[in-house]
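One letter stands for each residue in the lines below.
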Amino acid sequence: MFTETDRLTAIHSCRSCPMCHHADLVTTIERRETYSARARGLTLFAVEQGVSELGAETADVMYRFFVDGLCRQVCAGHIPHDDMVVDARRRLVAAGYAPPTVSRVKANIAATGNPWGEPEPDLRALSGGGSRQNVLLYFGPTARIKRVGVIQALNRILEKLGIGFSVLNDERDPGLLLHQLGEWESGAAAAQVLAERIVRSGADTLITPDAEAYQTFKVGFGETPALAGPAVLQVSEFLEKCVGQLQFKRPKQQQIAYHDPCAFARTATCLDPPRAIVRAISGADPLEIGPWTRELANCSGECGGVSFTVPLLAIHAAERRVQEAKATGAELIVAGSSAAAAMLEGHGLEVLELSEFVAQAL
Ligand code: SF4
């Protein structure tokens, strides 16, 4: 729960502090003080003091941020900088100053279930999933619309393991994106609807390759609680338990780097299981995209709704991450989530989401 005291503490702390400049992806890409953690604090301090007002300039600063948790991670006081920004976005939405993209994303999710407003696939036909099984797969919006290879890969893996699974007829969106964009009520409502559908499915185990969904189910967001009911597993946590039952081809000789999605790095931590899967298949530990790896992993550009509000900045973040991976000598990036894989694709290095990597080795 982010309280008024937390908000004021964050504003007063960040407004005069440069200590996370080096870790703030936006600051290091834009190379402008205006887009630093200190400037976000100072901007909100000026509003608080009545010397400035919420408006288009405030919105430009607040929506140009990945909400990736890295400032807080390196902050000696663990100041909730991200929550401060997301709260400011909520105020901008209420005051009518959020970028038009925010209401478009909200309308798209309401109309289609995904933020791009794309027609949804027939998930049962695409995934091979049935109904009323103990295991429920929640693929998430990115896998359904932008990375269907993840759905096909998981189908192949579970078929090899002889595990039946069900899928929801209409998965829709987990709500975290709406929350981070400042649409708190819509985000909470989306999460609640999804939670009710999952509980009604009767499954006792929920597996997802979607980092936002995993964060929503495991720790919740805002006032939305974690999912009560089924055990929630990220794909790597599930695979770690049964990787020994799978037969893999001889591994391709290539250098593999693993990319930690922000949610798995810092919010709903899941760091070692994906590395264990890569090791089981390739015979070697994946390369660490150091020093920005594990808890300090840089964002792929897909967090905080930036790919909607400032798409070019999101692309620059993806290019940065791929360059960081290349600098380690990597020839392949294995990404821990569908959204990170979709974001990193197309910047000069082969990219596979973890389930795709596993299915390709079968
Ligand atoms: S998050 Fe911490 S390190 Fe970053 S500006 Fe705020 S107080 Fe400083």
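**Re the overall build of the chain**
Tallying secondary structure elements over the chain gives 20 helices and 8 strands in all. Taken against the 2.2 N^0.38 rule, which gives 21 Å for 362 residues, the C-alpha radius of gyration of the chain at 20 Å falls within 12% of a compact globule. Projecting the C-alpha coordinates of the chain onto the three principal axes gives extents of approximately 65 × 45 × 30 Å. A fraction of 73% describes how many contacts in the chain between residues 6 or more apart in sequence connect residues 24 or more apart.

**Things to note about the pairing of strand E8 (residues 350-353)**
As judged from the 4 bridges shared by strand E7 (residues 332-335) and E8, these two strands associate in the parallel manner. Residue pairing across strands places Ile333 opposite Val351, the latter belonging to E8. As for the winding sense of the linkage, the β-α-β connection from E7 through helix H19 (residues 338-344) to E8 is right-handed.

**Overview of the site of the ligand**
Residues in contact with the ligand amount to 13 residues; listed here are only the nearest, Cys14, Cys17, Cys20, Ala37 and Cys75. Counting residues per element, the ones that place at least two in the shell around the ligand are helix H1 (4-14), helix H3 (37-48) and helix H5 (70-74). Classifying every residue of the shell around the ligand gives 8 nonpolar, 3 polar and 2 charged.

**Let's talk about the sheet that holds strand E4 (residues 231-234)**
Reading across the sheet, the 4 strands line up as E2-E1-E3-E4 and stay open at both edges, with parallel pairing between neighbours. Edge positions in the sheet fall to strand E2 (166-167) and E4, since each of these pairs with one other strand and no more. Across 3 bridges, the pairing between strand E1 (residues 135-137) and strand E3 (residues 205-208) is parallel. Opposite Leu136, over in E3, you have Leu206 as the bridge partner.

**Concerning the nonpolar core**
If you look at the biggest cluster of nonpolar residues, it comprises 111 residues, and the most contacted ones within it are Phe66, Leu206, Ile333, Val334, Leu344 and Val358. Once you skip the residues sitting within four places of it in the chain, Phe66 turns out to touch Leu25, Val26, Cys299, Cys303, Gly304, Val306 and Ala317.

**Focus: the packing of helix H10 (residues 148-161) against helix H20 (residues 354-361)**
One way to put it is that H10 packs onto H20 with a least axis distance of 8 Å and a crossing angle of 50°. In terms of axis orientation, H10 runs oblique to H20. Seen from above, H10 lies across H20 with left-handed handedness. Residues Gly149, Val150, Ala153, Leu154, Arg156 and Ile157 of H10 form the contact with H20, whose participating residues are Ser355, Glu356, Val358 and Ala359.

**Let's talk about the pairing of strand E5 (residues 256-259)**
Looking along a regular strand, one sees the side chains alternate between the two faces of the sheet. Neither face of E5 is left uncovered, since the one carrying Ile256 and Tyr258 and the one carrying Ala257 and His259 both have all their residues buried. Examined bridge by bridge, E5 and E7 share 4 bridges and lie parallel to one another. Across the sheet, the residue bridging to Ile256 is Leu332, located in E7. Relative to strand E6 (residues 287-288), E5 is paired through 2 bridges, and the arrangement is parallel. Bridging from a neighbouring strand, Ala257 pairs with Leu287 of E6.

**Structural notes on the domain arrangement of the chain**
As far as domains go, the chain holds domain 1 (4-98), domain 2 (111-241) and domain 3 (243-361). Computed from C-alpha coordinates alone, the two centres of domain 1 and domain 2 are separated by 31 Å. Opposite the 7 residues of domain 1 that make contact, domain 2 presents 6 residues. Along the lines of polarity and charge, the residues of the side of domain 1 that touches domain 2 split into 5 nonpolar, no polar and 2 charged.

The rules behind these values
Residues numbered from 1 in each chain as written. Predicted model: local features only at pLDDT ≥ 70, side-chain atom pairs only at ≥ 80, totals over all residues. Helix = DSSP H or I, 4+ residues; strand = E, 2+ residues; numbered from the N terminus. Rg over C-alpha atoms; globule rule 2.2 N^0.38 Å. Contact = placed C-beta atoms within 7 Å. Pairing = 2+ DSSP bridges. Right-handed = clockwise from strand over helix to strand, strands pointing away. Near = placed C-beta within 6 Å. Nonpolar A, V, L, I, M, F, W, Y, C, P; charged D, E, K, R; others polar. Core = buried A, V, L, I, M, F, W, Y, C linked by C-beta atoms within 7 Å. Buried ≥ 20, exposed ≤ 12 C-beta atoms within 10 Å, placed from the backbone. Axes fitted to C-alpha atoms, helices over the stretch in contact; angles between N-to-C directions. Parallel < 35°, antiparallel > 145°, perpendicular 65-115°, else oblique. Left-handed = near helix turned anticlockwise from the far one by under 90°. Domains from an automatic or database assignment.

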